[in-house]
Amino acid sequence: MLESGPEMSLVCLTDFQAHAREHLSKSTRDFIEGGADDSVTRDDNIAAFKRIRLRPRYLRDVSEVDTRTTIQGEEISAPICIAPTGFHCLVWPDGEMSTARAAQAAGICYITSTFASCSLEDIVIAAPEGLRWFQLYVHPDLQLNKQLIQRVESLGFKALVITLDAPVCGNRRHDIRNQLRRNLTLTDLQSPKKGNSIPYFQMTPISTSLCWNDLSWFQSITRLPIILKGILTKEDAELAVKHNVQGIIVSNHGGRQLDEVLASIDALTEVVAAVKGKIEVYLDGGVRTGNDVLKALALGARCIFLGRPILWGLAYKGEHGVKEVLNILTNEFHTSMALTGCRSVAEINRNLIQFSRL
């Protein structure tokens, strides 16, 4: 929770990061910012975007630039959506309810996490018209998965996002030093639903045995499109298509799981090539500017998902802080489109970029 100081002018996403660093407790800050092991991948997610250069085209009428696109057939105002992150009540009392309201106001998709600190029902009540997907950590007990999936379907969530890259938890040194897994309980999060006091490490055991052949079971119990989150290679992308899923989120879990894997933007190219346009491909990890969004779309992403910057916005001013983060990034993306000669997202293509030799 933050003290409200004098009004500051935050003009870019890293301003929100600096504000959060100053105002959040050390353990919360470390939980949000931390990566696995040496944080090589966490940092490379950001650095990799800066190795890509833009090739703008001029003398095009950019008096009207349209940032709208669709994901799984649903229109969004810009290809900038909210990735699943847990425990939003750590940084703002209303937690995920505020995040959902901001997403609804912005007209973009919010992927709600299995580790949400507000109930799914409260999140839906807070933003009944919002486009929501649900992120699932697969529980070892199939019946519990089935009950949860049926619940999210009945609550109007429009897709099921299955996280693949966490059969075990990554080695997050800051959390271990801070004994976070022992200390973090849902009551610490000032959740509007009192009475929960389940230690983080006991909350949701995650299946260590989930395999490709298990996907058919999920397809048999839900009509929701299934999106696989955490794919980084062409081999897994080809298997995703073979198993008839509807989308892939190219992601390395913000560099929090296996360190020293490819940056998301570097893995995107081979995944997009592998799926041959048969399913939509999205990206999360390292997006901080409008140029980053443009580069991801130029390399074939349908949209990007934001993780940490949403928490920075939430920590700044709740719903209004998240709205500001989304607004700043959308305005930057609008400018990037205009300055590269793109009037619509359909005009963003591979010819707009080249990989720098730096």
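Computed from a predicted structure; not experimentally measured.

The next thing to look at is the nonpolar core. Of all hydrophobic cores here, the largest spans 110 residues; its most connected members are Trp133, Leu306 and Ile348. Per element, the largest residue contribution to this core is 13 residues, and it comes from helix H14 (residues 308–340).

It is worth spelling out helix H6 (residues 142–154) at this point. In this model H6 runs 18 Å from its N-terminal to its C-terminal C-alpha over 13 residues, within 8% of the 18 Å that 1.5 Å per residue would give. Looking only at H6, the buried set comprises Asn145, Ile149 and Val152. Along the axis of H6, the buried residues cluster in a sector spanning 65°; they form a single face. The opening residue of H6 is aspartate 141, an N-cap whose side-chain oxygen sits 2.9 Å from the backbone nitrogen of glutamine 143. Glycine 156 occupies a position one or two residues after H6 and carries a positive phi of about 90°.

Taken as a whole and assessed by the stated rule, the structure comprises nine aromatic pairs. Relative to tyrosine 137, the ring of phenylalanine 115 lies with its centre 5.3 Å away and its plane at 45°, an arrangement referred to as tilted. A residue pair is termed long-range when its members are at least 10 positions apart, and phenylalanine 115 in the loop between strand S5 (109–112) and helix H5 (120–126) and tyrosine 137 in the loop between strand S6 (131–136) and H6 qualify at 22 residues. Here phenylalanine 115 matches tyrosine 137 in class, with each residue buried. Aromatic ring contacts, followed pair by pair, group Phe31, Phe87, Phe115 and Tyr137 into a single cluster. Positioned above the aromatic ring of phenylalanine 157 is the side chain of arginine 132, whose terminal nitrogen or guanidinium carbon lies 5.0 Å from the ring centre.

With that out of the way, let us pick up the UniProt feature "active site" (unreviewed entry) in the protein chain. UniProt records the feature "active site" (unreviewed entry) at His253, using the numbering of this structure. The residue histidine 253 is located in the loop between strand S9 (247–250) and helix H12 (264–275) in this model. In this structure, histidine 253 is in contact with Tyr137, Thr163, Asp165, Ala166, Arg172 and Lys229, ignoring residues within four places of it in sequence.

As annotated by UniProt and renumbered to match this structure, "binding site: glyoxylate" (unreviewed entry) occupies Tyr137, Arg172, His253 and Arg256. Within the element layout of this structure, arginine 172 appears in the loop between strand S7 (160–163) and helix H7 (173–177). Arginine 172 sits in the buried class, given a relative accessible area of 7%. Under the relative-accessibility criterion, histidine 253 is labelled buried at 13%.

What follows deals with the packing of helix H1 (residues 13–23) against H14. Running from N to C, H1 and H14 point in directions that differ by 175°, and their axes come no closer than 10 Å. The angle between the axes of H1 and H14 places the two elements in the roughly antiparallel class. Contact residues: Leu13, Phe16, Gln17, His19 and Ala20 in H1; Pro309, Trp312, Gly313, Ala315, Tyr316, Gly321, Glu324, Val325, Ile328 and Leu329 in H14. Class assignment of the residues belonging to the contact of H1 with H14 gives a composition of ten nonpolar, four polar and one charged.

A few words on the environment of alanine 240. Of note, alanine 240 is situated in helix H11 (residues 234–242). Classification of alanine 240 by relative accessible area gives buried; the value is 0%. In the structure, alanine 240 is positioned 28 residues away from tryptophan 212 in sequence and 8.3 Å away in space, judged by C-alpha atoms. With sequence-adjacent residues up to four places away left out, alanine 240 is seen in contact with Trp212, Leu228, Ile231, Val245 and Ile248.

Conventions and cut-offs
Residues numbered from 1 in each chain as written. Predicted model: local features only at pLDDT ≥ 70, side-chain atom pairs only at ≥ 80, totals over all residues. Heavy atoms only, no water. Core = buried A, V, L, I, M, F, W, Y, C linked by side-chain atoms within 4.5 Å. Buried < 20%, exposed > 50% of the residue type's maximum accessible area, 1.4 Å probe, protein only. Helix = DSSP H or I, 4+ residues; strand = E, 2+ residues; numbered from the N terminus. Expected span 1.5 Å × (residues − 1). Arc of directions from axis to C-beta. Polar contact = N/O pair within 3.5 Å; in protein donor to acceptor, adjacent residues only side chain to side chain. Phe/Tyr/Trp six-rings, centres within 6.5 Å; stacked < 30°, edge-to-face > 60°. Lys NZ or Arg CZ within 6 Å of the ring centre and 35° of its normal. UniProt positions renumbered as here; feature names shortened; annotations may be inferred. Contact = heavy atoms within 4.5 Å. Axes fitted to C-alpha atoms, helices over the stretch in contact; angles between N-to-C directions. Parallel < 35°, antiparallel > 145°, perpendicular 65-115°, else oblique. Nonpolar A, V, L, I, M, F, W, Y, C, P; charged D, E, K, R; others polar.

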